[in-house]
Amino acid sequence: MTARPPSRKSPSPTEPTAAATARSAREAKTKARKGNAAPGARSSGASRGVGAARELAPEDRERLLSGGHHDPHALLGARIGRSGVELRVLRPYAKTVTVIAKGLRAKLSADGDGLFSGVLPMRTAPDYRLLVTYAAEGGEQEVEVHDPYRFLPALGDLDLHLIGEGRHEELWRALGAHPMVHEGVSGTRFTVWAPNARGVQVLGDFSYWDGTGHPMRSLGATGVWELFVPGVGAGALYKFRIMRPDGSSTVRADPMARQAEVPPATASVITESHHVWRDEEWMAHRGDRPVHESPLSVYELHLPSWRPGLTYRQLADQLPRYVKDLGFTHVEFMPVSEHPFGGSWGYQVTGFYAPTSRMGSPDDFRHLVDALHRAGIGVIMDWVPAHFPRDDWALADFDGRPLYEHPDPARAAHPDWGTLEFDYGRKEVRNFLVANAVYWCEQFHIDGIRVDAVASMLYLDYSRGPGQWSPNEHGGRENLDAVAFLQEMNATVYRRCPGVVTIAEESTAWDGVTRATHHVGPGGFGGLGFGLKWNMGWMHDSLGYVGHEPVHRKFHHHEMTFSMVYAYSENYVLPISHDEVVHGKRSLVSKMPGDWWQQRANHRAYLGFMWAHPGKQLLFMGQEFAQGAEWSEGHGPDWWLLDPSYAAEADHRGVRLLVRDLNAVYAALPALWERDTDPGGFAWVEGNAADDNVFAFLRYDTAGEPLLAVSNFSPVVRHDYRLGVPEEFAAWVEVLNTDAALYGGGGVVSPDPRKAQPIGAHGRPMSLEVTLPPLATVWLRPE
């Protein structure tokens, strides 16, 4: 075992300091000179039969000790010479080093600066260990360890080839810190991509945060550095010390770390999974039906603040039960990747391969996903490949030069968020990101990847004025590298991960976001290959409409109908997300005009309209019970509104009951989801009643069964309102009415079936007379 200090945070009181080490080195050299011996000569305390090793060249010694040598294994470890086996080890702080092998116990000469050497009287290199003596309080401490520099590389040629090609789809298995048994010895293989580095050392709590004794070797032209460290296992903390091209050094967290310290600490953590998945049935059947032909109702939440203070495992006890009761088919987590600043909500990522440690370990997060799957709930996570923060311990200028970011500072700097944009044209960077998407799906059984800020990736002039950007090779504003990356990511995820859906948050009219990558559109580009796209236009238009007083809504009627002009241009999700209920935008119910009763009625009517509209739906936490305050990551939803002791609890409970019933009826009626991407699944009944503030349309399933959705966004009851209906159905019955008293409405409901009459209306020979409640949405289906 490698000796470790009592604390990971500070050296042991008995551990030599760097100054003491330097002093010891000077004393050793002085003694060597007084004995008329060179610093590399065998000391008087060396074992009989151990010869003096050759002295290191001054430049090799300096590069090795400073952390700037590309091949420390060429200097350290055992190698066969003419007079025996030459052995050199690097053990900072050690007093003595003795080699132990079968039939051998030999003390090495101290060469200063933690270097020890000797020539063993042997013809072949033995399977040796080291007995290292350190100064300790009250005496000495002896530890027996393996020498890291006697091992061959623990990374294979195929891995290196795929990394060099930028095609390693399981990159997390090749790079990072991996506990393993190598050549019969337990330890951890450290690998990092740093092609511009002059040298790399690994340091951690296992080395008192001094990397001098663990320089890594460069594995050729791939830019990968590797070292197997025996005796180090899961739970240990580590970082990399990188010598930049200019000779200066920087200490960095591992870009491929699969676990990180709890912020604000920044070290990486060696981890291995012991989770046993129990979601076999879910995984086997999640891809049975295409997602755009399936029910998809998403509850979006910010895990750290949904129930502040809960761990992943505690969330696993509460969240699946809550979401299942409400009838949502999926949850969507705002980014769970590690991030230093909680106020970024996870959108400024420093640990792309590590679930945030704020709520537990990676296996704890797996446990949460597993629990949701066993409750029949899919898991979508937000993913942020558009940019990363500039923290000097993370990705920015990682090895002394732009590496993950674009080399052109104008291209690298994100104009809105003070962050850096990835260099999508570099194959290794694309590989880092593509493999990351696969990693979350395969290692954590994630069912959907929602890609954040796609528009900022696609356009070279995004948030940039004239003169602040350069056109692409064709003179256009499209970022061709980003297009290629997104196409590769989507194609790879869909090929490797059956049943997973990718979702774009893309706010422009880019052609073909959800078109297959091999289908070229009119603009000359293949589709981006996403499964779904957030319908930001619908969101802005519809929220703008309901934000007006009813008397003014007739002037904005088109804002509610315009979405049907382009509804089938992509496969859409209708999002009422966190972005719409924060930073002065007000919560959903608070956007509505009128008094408290009218606000809630508008809120309910809007949700009824949203659930019936073509496209999947997403609702952010707190909006399911009409929270009046904006969301804040500091305290999360106002759960106290649902406390029975609160006077207005029934108002909020009523809205939550409505959401539960919306989801239940939605799931039971294929007309509401089966033909979301088929224009034949929708027909307007009344789309021009601007003066009435009324919208009515039909949805059809693949068997031709319809659902009639009618929304009255005026504050008056409309009696005997005539609507044309398909002639083959004799009677219609309400299946949902947002004005029901159960939901906090006025109770203007029609429990009895409505018979169709042979009176023409809206271009149809048959029609119904219905009573439309004020500020309400009603769903009817054939009896």
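Residues numbered from 1 in each chain as written. Predicted model: local features only at pLDDT ≥ 70, side-chain atom pairs only at ≥ 80, totals over all residues. Heavy atoms only, no water.

Caption draft 1: Quick peek at the pairing of strand S3 (residues 94-101). In terms of burial, S3 is a largely internal element, seven of the eight residues being buried. Summarising the sheet, S3 and strand S7 (residues 129-136) pair through six bridges and their orientation is antiparallel. Paired with Ile100 across the two strands is Arg129, which belongs to S7. Here four bridges tie S3 to strand S4 (residues 104-107), and the two strands are oriented antiparallel to one another. Across the sheet, Val99 pairs through a bridge with Ala106, a residue of S4. The turn linking S3 back onto S4 is made up of two residues, and Gly103 within it adopts a positive phi angle of 75°. (Buried < 20%, exposed > 50% of the residue type's maximum accessible area, 1.4 Å probe, protein only. Helix = DSSP H or I, 4+ residues; strand = E, 2+ residues; numbered from the N terminus. Pairing = 2+ DSSP bridges.)

Caption draft 2: Inspection of the packing of aromatic side chains at higher detail. One pass over the structure, following the stated rule, counts 49 aromatic pairs. Taking the centre distance of 5.6 Å and the plane angle of 65° together, the rings of Trp306 and Tyr322 count as edge-to-face. Placement of the pair is Trp306 in helix H6 (residues 303-306) and Tyr322 in helix H7 (residues 312-326), with a sequence separation of 16 residues. Looking at Tyr322, the relative accessible area reads 11%, which means it is buried. Both rings, one in Phe609 and one in Phe697, keep their centres 6.1 Å apart while their planes meet at 80°; by these two values the pair is edge-to-face. In this pair, Phe609 is assigned in helix H18 (residues 596-612) and Phe697 in strand S28 (residues 694-700), connecting sequence segments 88 residues apart. A residue is classified by how much of its surface remains accessible, and Phe697, at 2% relative accessible area, is buried. (Phe/Tyr/Trp six-rings, centres within 6.5 Å; stacked < 30°, edge-to-face > 60°.)

Caption draft 3: Highlighting helix H8 (residues 362-374). In a regular helix each residue adds 1.5 Å, so 13 residues correspond to 18 Å; H8 covers 18 Å between its end C-alpha atoms and thus fits that length. With twelve of its 13 residues buried, H8 lies for the most part within the structure. Positive phi appears at Gly376, one or two residues downstream of H8, with a value of about 85°. (Expected span 1.5 Å × (residues − 1).)

Caption draft 4: Structural detail: unusual backbone geometry. Along the chain, Pro263 connects to Pro264 via a cis peptide bond; the corresponding omega equals 15°. Checked against the element boundaries, Pro264 lands in the loop between strand S15 (249-252) and strand S16 (268-269). A positive phi angle, close to 60°, is found at Tyr208, a residue other than glycine. A positive phi is found at Trp345, a non-glycine position, where the angle reads about 65°.

Caption draft 5: Quick look at the nonpolar core. Ranked by internal contacts, the top residues of the largest apolar core, which has 176 residues, are Phe190, Leu303, Phe333 and Phe365. At ten residues, helix H10 (residues 427-443) tops the list of elements feeding residues into this core. Residues contacting Phe365, with those up to four places away along its chain left out, are Leu303, Tyr312, Phe333, Val336, Pro355, Trp440, Phe444 and Ile446. With 21 residues, the next largest nonpolar core counts Ala689, Val694, Leu708 and Trp732 among its residues. (Core = buried A, V, L, I, M, F, W, Y, C linked by side-chain atoms within 4.5 Å. Contact = heavy atoms within 4.5 Å.)

Caption draft 6: Layout of H10. Here H10 contains 17 residues, and its C-alpha end-to-end distance of 23 Å stays within 8% of the 24 Å for a straight helix at 1.5 Å per residue. Looking one or two places after H10, you find His445, whose phi comes out positive at around 60°.

Caption draft 7: Main features of the confidence of the model for the protein chain. The predicted model of the protein chain averages 93 in pLDDT, with 94% of residues at 70 or higher. For the stretch residues 1-47, pLDDT sits under 50, and the model shows 70 contacts to residues farther than four places along the chain or on other chains. (pLDDT = per-residue confidence, 0-100.)

Caption draft 8: Seen up close, the environment of Gly309. Within the secondary structure, Gly309 is located in the loop between H6 and H7. When the C-alpha atoms of Gly309 and Met359 are compared, they prove to be 8.0 Å apart, with 50 residues separating the residues in sequence. Apart from residues no more than four positions distant in its own chain, Gly309 is found in contact with Pro304 and Gln314.

Caption draft 9: A look at the pattern of salt bridges. Taken as a whole, this structure holds 40 salt bridges when the rule is applied. Residue Arg167 pairs with Glu488 through a salt bridge whose shortest N-O separation is 3.3 Å. Taken together, the residues span a long stretch of sequence, with Arg167 in the loop between helix H3 (157-165) and helix H4 (171-174) and Glu488 in helix H12 (residues 480-496) at a distance of 321 residues. Using a relative accessible area of 49% as the deciding quantity, one classes Arg167 as partly exposed. The residue Arg313 makes a salt bridge to Asp364 at a minimum N-O spacing of 2.5 Å. (Salt bridge = Lys/Arg side-chain N within 4 Å of Asp/Glu carboxyl O.)

Caption draft 10: Examining the sheet that holds S28 more closely. Taken together, six strands build an open sheet; the order of strands is S27-S28-S29-S34-S31-S32 and the sheet is antiparallel. Each having just a single partner strand, strand S27 (682-689) and strand S32 (754-755) make up the two edges of the open sheet. Note that strand S29 (residues 706-712) and strand S34 (residues 776-782) share five bridges and pair antiparallel. Paired with Ser711 across the strands is Thr777, a residue of S34. Of the strands in this sheet, strand S31 (731-737) and S34 are in contact with helix H19 (residues 649-668), which crosses S31 at around 140°. (Axes fitted to C-alpha atoms, helices over the stretch in contact; angles between N-to-C directions.)

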